[in-house]
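One-letter residues, chain by chain:
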Amino acid sequence: MARRVALEDPSRRLGRIGPVLGRLHLHAASLESFPSIYQIFRAVQPEECYHLAAQSFVSYSFDDEFSTLNTNINGTHFVLAALKDVVPKCRFYFAGSSEMFGKVTEIPQIETTRFHPRSAYGISKVAGFDLTRNYREAYGIHASSGILFNHESPRRGFEFVTRKITSGVARILAGQLNELRLGNLEAKRDWGHARDYVEAMWSMLQQEQPDDYVVATGKSHSVSDFVRNAFGLVGLDPKKFIVTDPEFYRPAEVQILVGNAAKAQATLGWRPKTDFAGLVHEMVITDCASLGITLPSAKSAETG
Ligand code: F7E
């Protein structure tokens, strides 16, 4: 499902899924329109539905709480309500988020850790998680939530810190940038590869019983660690380029996230295949290649 505006301009709006576009049938709809979602369920009669759509940039949710809450909460409600009416046997996946844990009450976080979201985005994901569980309990829908920790790849949007850093490294090497402005360098995240996390989502819907699962690597690194690794790969000294800028700090920060995916491992047989160093390397190499800079492809040792 994609918005009409994206379908009208696929090369610009859908560029990141360019390689698979020919194998997809995209339907025009909007999360803001219940009838448009309802019609897609009627036309497609899906067996599985993966609901990942959202305003997903935490920082932006401080600038516009209203649209984040509206789109994310109502959107999830619309999808669930239409699914229940039209295709109640369809299996449903909801993209929950580690941002639901927010100001964490225990380390590492597991499925039963108390939620304390620190942004409108986190609050909207808690609401979506509760809606999903309620459709499971009240209406018997095969509805599961993944509580996914940060998952990255070369397709990540440029505003997120990982891609901001790896694309920044490439632009510095290409002579297009001479400083990289970042916010809180001490924040710690459990960063994994999106490719691995998608396998966990799929696996949840292949189970006989729906359930909720933490999906994480179990290792946490700071933004500084990410910077050191990315710059280190190309032999640049980050101290010469990184500038901390209050503009990129958040009014309420989530300081540390690290998940324990033991349940996903035991039930789904899931474990991540790409580690932190491999992730940083793949992202740096891809961003450099897009600017015509070739780096050695051997995986570097983790330095952070
Ligand atoms: O920030 C810090 C920032 O924007 C990571 C989304 O996919 O994962 C993602 O949310 C950390 C934060 O991702 C900059 O303060 C420092 O502590 O890359 P991010 P996020 O907020 O963790 C979760 C699981 C989701 O569900 C979300 O949808 O990095 N940070 N300096 C910065 N962050 C950004 N964006 N830009 C900076 O300059």
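**Q** Teacher, can you tell me more about the overall build of the protein chain here?
**A** Per the secondary structure count, the protein chain includes eleven helices and ten strands. Once the C-alpha set of the protein chain is aligned to its principal axes, its extents read approximately 60 × 45 × 35 Å. Relative to its full complement of 304 residues, the protein chain shows a buried share of 48%. Counting only contacts in the protein chain whose residues sit at least 6 apart along the sequence, the fraction spanning at least 24 positions is 79%. Entry remark: accessible area of the protein chain is about 15000 Å², with carbon and sulfur atoms responsible for 51%.

**Q** Before we go on, may I ask you to explain the packing of helix H7 (residues 161-173) against helix H9 (residues 223-233) in this structure?
**A** For any two helices packed against each other, one specifies the inter-axial angle together with the distance between the axes. Running from amino to carboxyl end, H7 crosses H9 at an angle of 30°, the nearest separation of the two axes being 10 Å. With respect to H9, the axis of H7 lies roughly parallel. With respect to the hand of their crossing, H7 and H9 are arranged in right-handed fashion. Touching Val161, Thr162, Ile165, Thr166, Val169 and Ile172 of H7 are Val223, Phe226, Val227, Ala230 and Phe231, all from H9. Residues belonging to the contact of H7 with H9 are distributed by class as follows: nine nonpolar, two polar and no charged.

**Q** What exactly am I supposed to notice about unusual backbone geometry here?
**A** Peptide bonds are, in most cases, trans, and in most cases residues other than glycine have a negative phi. Backbone torsion omega between Ile107 and Pro108 reads -5°, so that peptide bond is classified as cis. Its location among the elements puts Pro108 in the loop between strand S2 (91-97) and helix H6 (120-139). Of note in the backbone geometry, Gln45 takes a positive phi value of approximately 50° without being a glycine. Its location among the elements puts Gln45 in the loop between helix H3 (34-44) and strand S1 (48-51). Accessibility expressed as a relative area gives 45% for Gln45, which makes it partly exposed.

**Q** Help me understand the side chain of Asp212, please; the structure alone is not making it clear to me.
**A** For Asp212, the location among the structural elements is in strand S8 (residues 212-215). Of note is the side chain of Asp212, whose polar atom sits 3.0 Å from the side chain of Arg136. The contact partners of Asp212, leaving out residues within four places of it in the chain, are Glu111, Phe129, Arg133, Arg136, Ser144, Ser145 and Lys263.

**Q** Sorry if this is basic, but what is going on with the sheet that holds S8 here?
**A** The strands making up a sheet associate through hydrogen bonds between their backbones, and the pairing can be parallel or antiparallel. The parallel open sheet is built from four strands, whose spatial order is S1-S2-S3-S8. Each edge of the open sheet is held by one strand with a lone partner, namely S1 and S8. For this sheet the average axis-to-axis angle between neighbouring strands, irrespective of direction, equals 20°. Set on the sheet, helix H5 (residues 65-86) makes contact with S1 and S2; between it and S1 the angle comes to about 170°. Helix H8 (residues 194-206) contacts S1, S2, strand S3 (143-148) and S8 of the sheet and is inclined by roughly 140° relative to S1.

**Q** Before we go on, may I ask you to explain the site of the ligand in this structure?
**A** Surrounding the ligand, one finds 25 residues, the nearest of these being Ser56, Ser97, Tyr121, Arg250 and Glu253. One of the side-chain nitrogen or oxygen atoms of Asn150 is found 2.8 Å away from an oxygen atom of the ligand. For the ligand, an oxygen atom lies 2.6 Å from a polar atom in the side chain of Glu253. Contact with the protein chains removes 97% of the 700 Å² of surface that the ligand exposes when unbound. Sorting the residues of the shell around the ligand by element identifies H7 and strand S5 (180-182) as the ones contributing at least two each.

**Q** How do you make sense of the packing of aromatic side chains when you look at a structure like this?
**A** To describe a pair of aromatic rings, one takes the distance between the centres and the angle between the planes. Evaluated as defined, the whole model comprises 13 aromatic pairs. Plain terms: the ring middles of Phe34 and Tyr38 are 5.6 Å apart, the flat faces sit at 50° to each other, and that makes the pair tilted. One end of the pair, Phe34, and the other, Tyr38, are both in helix H3, four residues apart, so they sit about a helical turn from each other. Aromatic side chains Tyr135 and Tyr139 sit 4.9 Å apart centroid to centroid with 65° between the ring planes, which places their arrangement in the edge-to-face category. Remark: Tyr139 and Tyr135 occur in helix H6; sequence separation between them is four residues, near one turn of the helix. The structure contains a cluster of three or more aromatic residues connected by ring pairs, namely Phe101, Phe115, Phe129 and Phe149. Over the ring of Phe160 we find Arg156, and its NZ or CZ is 3.8 Å from the ring centre.

Conventions adopted
Residues numbered from 1 in each chain as written. Predicted model: local features only at pLDDT ≥ 70, side-chain atom pairs only at ≥ 80, totals over all residues. Heavy atoms only, no water. Helix = DSSP H or I, 4+ residues; strand = E, 2+ residues; numbered from the N terminus. Buried < 20%, exposed > 50% of the residue type's maximum accessible area, 1.4 Å probe, protein only. Contact = heavy atoms within 4.5 Å. Areas by Shrake-Rupley, 256 points an atom, 1.4 Å probe, with all protein chains shown as cover. Axes fitted to C-alpha atoms, helices over the stretch in contact; angles between N-to-C directions. Parallel < 35°, antiparallel > 145°, perpendicular 65-115°, else oblique. Left-handed = near helix turned anticlockwise from the far one by under 90°. Nonpolar A, V, L, I, M, F, W, Y, C, P; charged D, E, K, R; others polar. Polar contact = N/O pair within 3.5 Å; in protein donor to acceptor, adjacent residues only side chain to side chain. Pairing = 2+ DSSP bridges. Near = heavy atom within 4 Å. Phe/Tyr/Trp six-rings, centres within 6.5 Å; stacked < 30°, edge-to-face > 60°. Lys NZ or Arg CZ within 6 Å of the ring centre and 35° of its normal.

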